[in-house]
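Survey of secondary and tertiary structure
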Amino acid sequence: MNISAKQGERFAHAGLALLLLGLLPLALGPYWLNLVGKYLAFSFVAVGIVLAWGYCGILSLGQGVFFGFGGYAMAMFLKLEASAPELPDFMVWSSVEKLPFWWEPYSSLTVTIASIFLVPIPVAFIFAYAIFRKRVSGVYFAIVTIALSMTLVVLNIGQQGETGGANGITDFSTLLGFDIINDAGKVAIYWVEVVLLLTATTLAALLLHSRFGKLLIAVRDREDRVRFSGFDTAMIKAFIFTVSAVLSSVGGAMFALQAGLVTPSLIGAVTSVELVIYAAVGGRLSVVGAVIGALLVGFMKSYLSEHFPEIWLFFLGGMFIFVVWVLPNGLADLFRKILRVKA
Amino acid sequence: MDNALASTSFAVASERPESTTARPLVNAKSTPMNGKILSIEALTVSFDGFKAVDGLDMSIDENELRVVIGPNGAGKTTLLDMICGKTKPTSGSIRFRGTELGKLSDYQIVRLGVGRKFQTPSIYEDLTVAENLEISIPQVHGVWASIFFRRSKEVRERIGYVAEEIMLKDHLRMKSGKLSHGQKQWLEIGLLLMQDSDLMLLDEPVAGMSPREREETAELLKRIANGKSLVVIEHDMDFVRSIAKKVTVLHQGRLLSEGSVEEVQNDPRVIEVYLGH
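Residues numbered from 1 in each chain as written. Chains lettered and ligands numbered in written order. Predicted model: local features only at pLDDT ≥ 70, side-chain atom pairs only at ≥ 80, totals over all residues. Heavy atoms only, no water.

As for the overall build of chain B
Tallying secondary structure elements over chain B gives 12 helices and 10 strands in all. In chain B, which comprises 277 residues, the share counted as buried stands at 55%. In chain B, once contacts between residues fewer than 6 apart in sequence are set aside, the share between residues at least 24 apart is 68%. (Helix = DSSP H or I, 4+ residues; strand = E, 2+ residues; numbered from the N terminus. Buried < 20%, exposed > 50% of the residue type's maximum accessible area, 1.4 Å probe, protein only. Contact = heavy atoms within 4.5 Å.)

Quick look at the overall build of chain A
Looking only at helices and strands, one finds 15 helices and 2 strands in chain A. Here chain A has a C-alpha radius of gyration of 20 Å; the compact-globule value for 343 residues is 20 Å, and the two agree. Once the C-alpha set of chain A is aligned to its principal axes, its extents read approximately 60 × 50 × 40 Å. With the model as given, the accessible surface of chain A reaches about 15,100 Å², and the carbon-plus-sulfur share is 70%. In chain A, the 22 positive side-chain charges and the 19 negative ones have mean positions that sit 20 Å from each other. (Rg over C-alpha atoms; globule rule 2.2 N^0.38 Å. Areas by Shrake-Rupley, 256 points an atom, 1.4 Å probe, with all protein chains shown as cover. Lys, Arg positive; Asp, Glu negative; His and termini not counted. Charge placed at Lys NZ, Arg CZ, Asp CG, Glu CD.)

Brief notes about the sheet that holds strand 1 (residues 36–47) of chain B
Residue and element names in this part refer to chain B. Within the open sheet, the 4 strands sit side by side as 2-1-4-5. Their pairing is antiparallel. Looking along the sheet, the strands with just one partner apiece sit at the ends: strand 2 (50–61) and strand 5 (99–100). Inspection of the sheet shows strand 1 paired to strand 2 by 8 bridges, in the antiparallel sense. Bridged to Ile-40 within strand 2 is Met-58. On the sheet, helix 3 (residues 76–83) packs against strand 1, strand 2 and strand 4 (91–96) and is oriented at approximately 115 degrees with respect to strand 1. (Pairing = 2+ DSSP bridges. Axes fitted to C-alpha atoms, helices over the stretch in contact; angles between N-to-C directions.)

Topic: the pattern of salt bridges
All names here are of chain A. Counting across every chain of the model gives 32 salt bridges over all chains. The salt bridge partner of Arg-336 is Asp-333, with a shortest N-O separation of 3.4 Å. Taken as a pair, Arg-336 and Asp-333 lie in helix 15 (residues 331–339) at a separation of 3 residues, close to a single helical turn. Overall, the relative accessible area of 31% leaves Arg-336 in the partly exposed class. Overall, the relative accessible area of 14% leaves Asp-333 in the buried class. (Salt bridge = Lys/Arg side-chain N within 4 Å of Asp/Glu carboxyl O.)

Overview of empty space enclosed by the protein
Residues and elements named next belong to chain A. Within this structure, the stated rule accounts for 1 cavity of 30 Å³ or more. The computed volume of the largest cavity comes to approximately 40 Å³. The element that contributes the greatest number of residues to the lining of the largest cavity is helix 2 (residues 30–55), accounting for 4 residues. Residue classes in the lining of the largest cavity are distributed as 5 nonpolar, 4 polar and no charged. (1 Å grid on protein atoms, 1.4 Å probe; cavity = no way out; pocket = protein on both sides within 12 Å on 5 of 7 lines; lining within 4 Å. Points joined across faces, edges and corners; volume = space filled by probe spheres on them. Nonpolar A, V, L, I, M, F, W, Y, C, P; charged D, E, K, R; others polar.)

Overview of unusual backbone geometry
All names here are of chain A. With an omega dihedral of 0 degrees, the bond running from Ala-84 to Pro-85 counts as a cis peptide bond. Checked against the element boundaries, Pro-85 lands in the loop between helix 3 (63–83) and helix 4 (89–93). In the Ramachandran plot, Arg-135 falls in the positive-phi region, its phi being about 60 degrees despite a non-glycine side chain. Its location among the elements puts Arg-135 in the loop between helix 6 (120–133) and helix 7 (139–158). A relative accessible area of 48% means that Arg-135 is categorised as partly exposed. A positive phi is found at Leu-176, a non-glycine position, where the angle reads about 50 degrees. Accessibility expressed as a relative area gives 62% for Leu-176, which makes it exposed.

A word on the sheet that holds strand 10 (residues 254–259) of chain B
All names here are of chain B. With mixed pairing, the 6 strands of this open sheet are ordered in space as 6-7-8-3-9-10. Looking at the sheet topology across the chains shown, the edges are occupied by strand 6 (114–117) and strand 10. Mean inter-strand twist for the sheet, computed between neighbouring axes without regard to direction, equals 20 degrees. Pairing between strand 6 and strand 7 (residues 199–203): 4 bridges, direction parallel. Pairing of Lys-117 across the sheet is with Leu-202, part of strand 7. Relative to strand 8 (residues 229–233), helix 9 (residues 211–225) is tilted by about 150 degrees, and along the sheet it contacts strand 3 (65–69), strand 7 and strand 8.

Focus: helix 7 (residues 153–165) of chain B
Since the α-helix turns once every 3.6 residues, residues separated by three or four places project in the same direction. Residue and element names in this part refer to chain B. The end-to-end C-alpha distance of helix 7, which contains 13 residues, comes to 18 Å, matching closely the 18 Å that a straight helix rising 1.5 Å per residue would cover. Turning to helix 7, its buried residues are Val-155, Ile-159, Gly-160, Val-162, Ala-163 and Glu-165. Residues of helix 7 that are buried in the fold lie against helix 5 (129–135), helix 8 (181–195) and helix 9. (Expected span 1.5 Å × (residues − 1).)

A few points about the packing of aromatic side chains
Tallied over the full model, the rule gives 21 aromatic pairs over all chains. On the basis of an interplanar angle of 55 degrees and a centroid distance of 5.9 Å, the ring pair of A:Phe90 and A:Trp103 is categorised as tilted. Of the two residues, A:Phe90 is situated in helix 4 and A:Trp103 in the loop between helix 4 and helix 5 (109–118); the sequence distance between them amounts to 13 residues. For the pair A:Phe90 and A:Trp103, a shared accessibility class is recorded, and that class is buried. In this structure, A:Arg211 is placed above the aromatic ring of B:Phe149, and the distance from its NZ or CZ to the ring centre is 4.8 Å. Its guanidinium or amino end placed over the ring of A:Trp53, A:Arg284 lies 4.9 Å from that ring's centre, counting from NZ or CZ. (Phe/Tyr/Trp six-rings, centres within 6.5 Å; stacked < 30°, edge-to-face > 60°. Lys NZ or Arg CZ within 6 Å of the ring centre and 35° of its normal.)

In structure tokens form, the structure reads like this:
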């Protein structure tokens, strides 16, 4: 079978939709669907990493910051609902007597959802534009982002009374009175997530096919030349970084809904690096590959850690080395080879 | 010679209105400088005390094709770097149609109408020739405008026209990384043509080209110079002779000599430092 790159891509997107909307819901019960949903939460981040890293060359090791933001925002709302009209339990334990002012907006679901989408925009944009304007890029940018995520973890843990500290935020089970832990709730959240994810992958593919998508590649390969064609490349890079931040935040919110807890480790450097690995395994130049990579690595993590609790990390590390070694462009490359997609 | 001059000034009159419609903003801001597109005064840059360019004065006319020559380390590339904003001058002034360039950032200078071709071909190898050209369209520099950009008929025609001009019409759909070295050089010149720069700075455009490609490039540059100003750095004296009316010789960051190819070649100072070697 010989097919063009365009056909191959359509095939991949259709296959992903079929898998998420048809095969998995039919084949899996609520317990497994909930697990898949958790893995898919990370795939939002992986799609963002494909856009920023794969296409624009911006390696961020701090995506966990935005993932964590979305997760905490959602968890704060759920926690307030769970403990209303009292203060959240961890606040009481730390003798916090009044709800901190920055918690107050999160008693409204509308505001919570809006903040999940909107807050990362100015934060990520200003942070990234300031750095890219100074022509800091490549490894140095990665170091700045990893430092940012480590700093925020320390800050978060230090504020036990306001953030839940090292324990994070736990113990919530309803969304506007709707049970999210029972089977019907898990399945409903899965559907919401899949619709959001397929929207994201479709928009990402459209973005990459626009002139802006070509510009991303141009900036990745020859940033100087792009600047000397009259573009403010810092603006282009900050924009795509912001897009990836919003995707991460949405993924974080979906994670909080399905995992039933958020902890500071979500923000941390280890999560951030793992997220890059998901994208690399799936294929850093493939939006669909990133989703599959997140699913696969997520599943392997669960499976291996259950069956080989002592040594599972070695398997995971081994898999990563294998993929990078044999398939530098990830699993997406394998499919391209099988289907003989022309470059 | 007189004829050529007359036809260029004719070109000024007939070509101007066109570029006014293409980029009204630029022309509104700029003030004419007695037919000079670029004037450089007392330009100096020093790197850790070493003066790569030292008190240089020179000017380029509208629609002029100027060749800059000089031995290695004469400051040729550094001069172009300063004009296009890649290197900031230590002191002195560079004015493009009356606008001081020293304080502007590189992409702002490009938007005024100064284009730069680098020494090694600098193109987007992962994109096709057509995509390379499309990216360089001057009016669309914003993020949103790029996302919602549609290839209009005019854009396609412009890409076709430039591709024809740079002899790559048959390669529009080819990944530009697969082009030959000489074709890559042409493509980068094509990017500047798409940008519609009024002043093009070309750093060794025929480096690594076959003799036939050199001839074709000479013809290409002469065609371009009809309506634009060009500053070309070149080592190959045969090539210089084939395109240049006026040559500037730099030596150790200073202006050594300026004039026609013959004048420069007969200048004893030039013979001593450069051609005599």
